[in-house]
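An overview of the molecular structure
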Amino acid sequence: GINNMNVLAGDRVVQPAGEALELPAGGQYSFTAHEITILGGIDAPSSSLALTAANPYGTLAQERAGLSTLTVGDGAAPNPVVIDVSGLFINQTDAGSDSLPQFLDAGRILLSAEGDLTLSSDSWLRANAGALVYADGFEPGQGGSISVGIDYDLDPKALRLFGAMEAYVFDGDY
């Protein structure tokens, strides 16, 4: 499957509500457009995912339209709009499953905008550690990272963080 994808759109990237984007584990995925709206969620286990609202081609029409925007959720969804790069939970208590790729460590989420960036109240960013369970033990993965930011050199703009973010790891005796 695809494990490295870079999408550049001059105008906008819109993921409609109810349409989840499922990407293969362990990849690097990047989306850049003047306007990015995520309403359906993205699942990319142990991957690096970057969503960048910028003017990649510098078109005059976009400059007249204002600064680039990135929005996750709309505040009205009945279910959360989840962007998830968490590691996988793998059960290897059965013999013969040692050759599977692990993908225990979480990936990273990078959200950035030249203009407004909004994580609505129905958005949920996840970069949790996964784990491997053996018949006689347990191996935890590493937690990931979440970065959210806007370009402070441009006006006007707003950073609205109403959603949830998590990057849990396992701690203690296993």
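Structure's up top.
The residue numbering used here restarts from 1 in each chain and proceeds along that chain's sequence as written. pLDDT decides what is reported in this predicted model: residues at 70 or higher carry local features, side-chain atom pairs at 80 or more are listed and counted, and totals for whole chains, interfaces and linings draw on all residues regardless. By convention in this description, side-chain values take in all heavy atoms of the structure and omit both hydrogens and water.

**Let's talk about the overall build of the protein chain**
Secondary structure elements are defined from DSSP: runs of H or I of at least 4 residues count as helices, runs of E of at least 2 residues count as strands, and each element is numbered from the N terminus. In terms of regular secondary structure, the protein chain is built from one helix and 16 strands. Classification of residues uses two cut-offs on accessible area relative to the type maximum, computed with a 1.4 Å probe and protein chains only: under 20% is buried, over 50% is exposed, and between them is partly exposed. Counting all 174 residues of the protein chain, 38% fall into the buried class. Contacts spanning at least 24 positions in sequence make up 64% of the contacts within the protein chain whose residues lie at least 6 apart. Entry remark: accessible area of the protein chain is about 9200 Å², with carbon and sulfur atoms responsible for 51%. Residue contacts are counted whenever heavy atoms from the two residues lie within 4.5 Å of one another. What sets the accessible areas is the Shrake-Rupley method with a 1.4 Å probe; for residues, cover comes only from the shown protein chains.

**A look at the nonpolar core**
Within the largest apolar cluster, 27 residues are counted, with the highest numbers of intra-cluster contacts made by Leu49, Leu51, Leu70, Ile83 and Leu111. Of all elements in the fold, only β1 (4-15), β3 (28-38), β5 (48-53), β6 (69-72), β7 (81-84), β9 (108-113) and β10 (117-119) reach the threshold of two or more residues within this core. With five residues, the top contributor of residues to this core is β3. What we call a nonpolar core is a set of buried Ala, Val, Leu, Ile, Met, Phe, Trp, Tyr and Cys residues that are connected through their side-chain atoms within 4.5 Å.

**Describing the pattern of salt bridges**
Between Lys or Arg on one side and Asp or Glu on the other, a salt bridge is scored when a side-chain nitrogen of the former is within 4 Å of a carboxyl oxygen of the latter. Under the defined criterion, the tally for this structure stands at four salt bridges. Where Glu35 meets Arg12, a salt bridge forms, and the shortest distance between an N and an O atom there is 3.6 Å. One end of the pair, Glu35, is in strand β3; the other, Arg12, is in strand β1, with 23 residues separating them in the sequence. On the basis of relative accessible area, Glu35 is assigned to the partly exposed category, the value being 25%. A salt bridge links Arg126 to Glu166; the shortest N-O distance between them is 3.1 Å. Residue Arg126 is located in strand β11 (residues 123-126), and its partner Glu166 is located in strand β16 (residues 164-166); the two are separated by 40 residues in the primary sequence. Connected via shared salt-bridge partners are Asp84, Arg126 and Glu166.

**Considering the packing of aromatic side chains**
Pairs were defined over the aromatic rings of Phe, Tyr and Trp, the Trp ring being its six-membered one, requiring ring centres within 6.5 Å. Orientation was assigned from the angle between planes: stacked under 30 degrees, edge-to-face over 60, tilted for the rest. Overall, the coordinates contain two aromatic pairs when judged by the stated rule. Here the aromatic rings of Phe89 and Phe170 are separated by 5.7 Å at their centres, their planes lie at 85°, and the arrangement is edge-to-face. Pair noted here: Phe89 is in strand β8 (residues 89-92) and Phe170 is in the segment after β16, with a separation of 81 residues, a long-range link. With a relative accessible area of 32%, Phe170 lands in the partly exposed category. Here the aromatic cluster, defined as three or more aromatic residues joined through ring pairs, consists of Phe89, Phe138 and Phe170.

**Considerations on unusual backbone geometry**
Note: most peptide bonds trans; most residues except glycine with negative phi. Not every positive phi belongs to a glycine, and Ser46 is a case in point at roughly 55°. Mapped onto the secondary structure, Ser46 falls in the loop between β4 (42-43) and β5. Of note in this structure, Phe103 is not a glycine but carries a positive phi near 50°. If you trace the backbone, Phe103 turns up in the loop between β8 and β9.

**Let's talk about the sheet that holds strand β12 (residues 131-134)**
Here a strand pair is declared whenever DSSP counts at least two bridges between the two strands. Here three strands make up an open sheet; going across it, the order is β8-β12-β13 and the pairing mixed. Looking at which strands have only one partner, the edges of the open sheet turn out to be β8 and β13 (137-140). Adjacent strand axes in the sheet meet at a mean angle of 15° when their direction is disregarded. Where β12 lies against β13, four bridges are found, and the strand directions are antiparallel. Across the sheet, the residue bridging to Val133 is Phe138, located in β13. For every element, the axis is a line fit to its C-alpha atoms; helices are fit only across the contacting stretch, and the angle between N-to-C directions ranges from 0 to 180 degrees.

**As for the sheet that holds β16**
As summarised here, the arrangement of the five strands in space is β2-β4-β7-β11-β16, forming an open sheet in which the pairing is parallel. Two strands in the sheet have a free side with no partner beyond their single neighbour: β2 (21-22) and β16. Taken together, the three bridges between β11 and β16 define a ladder with parallel strand orientation. Residue pairing for β16: Arg126 is matched across the bridge by Glu166.

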